[in-house]
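Single-letter residue listing:
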Amino acid sequence: MEITKRSFGMLPDGSEADLYTLSVGEVFKAEITNFGGVIMSLWTPDRHGSAADIVLGFDDLQGYVNKHPYFGSIVGRYGNRIAGGGFVLDGVRYTLAINNGPNHLHGGLHGFDKALWKAEPQQRDDAVGLRLCHVSQDGDEGYPGSLECEVVYWLTKGHALEIHYSARTDAPTHVNLTNHSYFNLNGHDAGDILGHEMTLFAEYFVPVSEVLIPTGQLQPVENTPLDFRTPTVIGARINFEHEQLRYGLGYDHTFVIDAQGRGELRQAAAAYAPESGRVMEVETMEPGVQFYTGNFLDGSNVGKGGVPYQRRNGFCLETQHFPDSPNQPQFPSTVLRPGVLYQTATIYHFSTR
Ligand code: BGC
């Protein structure tokens, strides 16, 4: 197990971003940059033992500096949408940056995906890691409170990628951190993910409006094309005539893992690619997981090795609280108050079959 560091280039403001390579043997590796906390590459073995890079991304820093659909990024302060770009907290109305139709998405115009995080290599008996820290100032993108965040990535000997998030604030605010990796278990350049088998351990999903804001209810997955309680090929029903698939242009929904939001580590999802044999299982402490099938990719993002990423070339499993929770009091709360430690974790396990 080892971690090495090299320069990833210069940001427009003259500061330097680094790229860390975390390796566990020859076939389990990740490259992570402290710019946006981006997982730039993730190499795992297929059923014959040969490694491929299974996350979408860019070869160079500029790709991540430019506007892009959050490839591999840490998303904050708030993963997914907040309706109308605002909320009332303790009787005070806060106005956030609006960057997605009428809504606030993924932390705004300059979210955590555009921050240069402080990085520090970590070691554990069974893992090699990278600790990233970022302070989001009071008023950042409209949010109250100065928020100190820490994200630790671990690559373990057992072929897991662990992500541990923590944060503290000096004034009441909302926090909902996640990682926005796009996976293709056949390789980032292997075309669409429609042949992958997906399991989502969810009885309910969060239905949304045309602008992808929750209606406020939870809807049973039963008798809908969003029922993934048993392994189902992603492409099998993605084009079915269903209001929710029409609004999402495919799957772009939060699946409910724990409606109570108790913060216990639970099985959320499992994906299997029959072609390569790769399996990815996801456990999380979060109440939900956003299953997004790359519906908005259109070939305009030219990624690693010059590969244009087309529609549905990757899928995301963003573990998170439900979208728009600041305006939906019936959802598990995303409020963080001074003196309380925000702590959550998600584990992606890799194996083959
Ligand atoms: C959202 C999508 C969005 C994508 C890229 C996902 O988390 O649910 O609607 O297009 O991120 O921003």
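Look up a bit, the structure's there.
As the structure is a computational prediction, the values presented were derived from the model and not from experiment.

## Some details on the overall build of the protein chain
Along the backbone of the protein chain there are two helices and 27 strands. Compactness check: the protein chain gives a C-alpha radius of gyration of 19 Å against a globular reference of 20 Å for 353 residues, within 12% of the reference. Dimensions along the principal axes, computed over C-alpha positions, put the protein chain at roughly 55 × 50 × 40 Å. Taking all 353 residues of the protein chain together, 59% fall into the buried category.

## Observations concerning the sheet that holds strand β3 (residues 28–33)
Taking strand neighbours across the sheet as the criterion, the five strands line up as β1-β2-β3-β4-β5 in an open arrangement whose pairing is antiparallel. Strand pairing shows two members of the sheet lacking a second neighbour, β1 (2–10) and β5 (51–53), which therefore form its edges. Within the sheet, the average angular offset between the axes of one strand and its neighbour, ignoring direction, is 15°. Where β3 and strand β4 (residues 39–45) come together, four bridges link them in antiparallel fashion. Among the inter-strand pairings, A30 is bridged to a residue of β4, identified as L42.

## Points about the site of the ligand
In the vicinity of the ligand there are 13 residues, among which R81, H106, H180, D252 and E318 approach most closely. The side chain of E318 places a nitrogen or oxygen atom 2.6 Å from an oxygen atom of the ligand. Surface burial for the ligand is 94%, taken as the share of its 300 Å² of free accessible area covered by protein chains. A per-class count over the shell around the ligand returns six nonpolar, four polar and three charged.

## A short note on the packing of aromatic side chains
According to the stated counting rule, one finds 20 aromatic pairs in the structure shown. Pairing Y182 with Y292 gives two aromatic rings, centres 6.1 Å apart and planes at 75°, and the pair type is edge-to-face. Here Y182, found in the loop between β16 (178–179) and β17 (197–200), pairs with Y292, found in strand β24 (residues 288–292); they are 110 residues apart in sequence, far enough to count as distant. This pair shows no difference in class: Y182 is buried, exactly as Y292 is. Ring geometry for F228 versus F291: centroids 5.6 Å apart, planes at 75°, classification edge-to-face. Taken together, the residues F228 in the loop between β19 (219–220) and β20 (232–233) and F291 in strand β24 connect sequence positions 63 residues apart.

## Notes on the pattern of salt bridges
The full count for this structure, using the stated rule, is 14 salt bridges. A salt bridge links R6 to E31; its shortest N-O distance comes to 4.0 Å. Separated by 25 residues along the polypeptide, R6 in strand β1 and E31 in strand β3 bring together distant segments of the chain. Exposure remark for E31: the relative accessible area of 18% places this residue in the buried category. E150 serves as the salt-bridge partner of R131, at 3.0 Å between the closest nitrogen and oxygen. Taken together, the residues R131 in strand β12 (residues 127–136) and E150 in strand β13 (residues 147–156) connect sequence positions 19 residues apart. The class for R131 is partly exposed, based on a relative accessible area of 24%.

## Brief notes about the side chain of N313
Topologically, N313 is positioned in the loop between β24 and β25 (316–320). Within the structure, the side chain of N313 is placed 2.9 Å from the backbone nitrogen of Q310, a separation counted as a polar contact.

## Some details on the sheet that holds β19
Judged by pairing direction, the sheet is antiparallel, and its five strands sit side by side in the order β19-β18-β21-β24-β25 without closing on themselves. Every interior strand has two partners, whereas the edge strands, β19 and β25, have only one. Strand direction decides the pairing type here: β24 and β25, joined by five bridges, are antiparallel. For Y292, the partnering residue across the bridge sits in β25 and is C316.

## Structural notes on the state of the cysteines
What we call a disulfide is simply a covalent bond connecting the sulfur atoms of a pair of cysteines. Within this structure, the stated rule accounts for zero disulfides. Not part of a disulfide, C133 finds its nearest cysteine sulfur in C149, a span of 9.1 Å. Residue classification places C133 among the partly exposed positions, given a relative accessible area of 24%.

## Here's the deal with the environment of V233
Here V233 lies in strand β20. Separated by 40 residues in the primary sequence, V233 and A273 have C-alpha atoms spaced 9.4 Å apart. If near-sequence neighbours (up to four positions away) are discounted, V233 is found in contact with L194, G195, H196 and E197.

## Structural notes on the pairing of strand β8 (residues 86–89)
Note that β8 and strand β9 (residues 92–95) share four bridges and pair antiparallel. Following the sheet pairing, V88 is matched in β9 by R93. Taking the residues that link successive antiparallel strands as the turn, the β8-β9 hairpin has two residues, and the phi of D90 there is positive, at about 50°.

About the criteria used
- Every chain is numbered on its own, with residues counted from 1 as its sequence reads.
- Two thresholds apply to this predicted model, a pLDDT of at least 70 for residue-level local features and 80 or more for giving and counting side-chain atom pairs, whereas whole-chain, interface and lining totals are computed over all residues.
- The basis for the side-chain values is all heavy atoms of the structure; hydrogens and waters are excluded.
- Helix and strand assignments come from DSSP, with helices taken as H or I runs of at least 4 residues and strands as E runs of at least 2, each series counted from the N terminus.
- The globule rule used here is 2.2 Å times the number of residues to the 0.38 power, and the radius of gyration it is set against is calculated over C-alpha atoms.
- Partly exposed residues are those whose accessible area sits between 20% and 50% of the maximum for their type, while under 20% is buried and over 50% is exposed, using a 1.4 Å probe and protein chains only.
- Note on pairing: DSSP must find at least two bridges between two strands before they are called paired.
- The convention used is that axes are lines fitted to C-alpha atoms, helices contributing only their stretch in contact, and that angles between N-to-C directions extend from 0 to 180 degrees.
- Nearness is defined per residue: one heavy atom within 4 Å of the molecule or strand is enough.
- Two N or O atoms count as a polar contact when they lie within 3.5 Å, although within protein this holds only if one can serve as hydrogen donor and the other as acceptor, and sequence-adjacent residues are included solely when both atoms are side-chain atoms.
- Using a 1.4 Å probe, accessible areas were evaluated by the Shrake-Rupley method; residue-level cover was limited to the displayed protein chains.
- Only Asp, Glu, Lys and Arg are considered charged, only Ala, Val, Leu, Ile, Met, Phe, Trp, Tyr, Cys and Pro nonpolar, and every remaining residue, Gly among them, polar.
- Note on aromatic contacts: the rings of Phe and Tyr and the six-membered ring of Trp form a pair at centre separations within 6.5 Å, being stacked when their planes are under 30 degrees apart, edge-to-face when over 60 apart, and tilted otherwise.
- Criterion for a salt bridge: a side-chain nitrogen of Lys or Arg within 4 Å of a carboxyl oxygen of Asp or Glu.
- By disulfide we mean two sulfur atoms from cysteines, separated by a distance within 2.5 Å.
- Contacts: residue pairs with any heavy atoms within 4.5 Å of one another.

Scope: geometric values only; no functional claims are made or implied.
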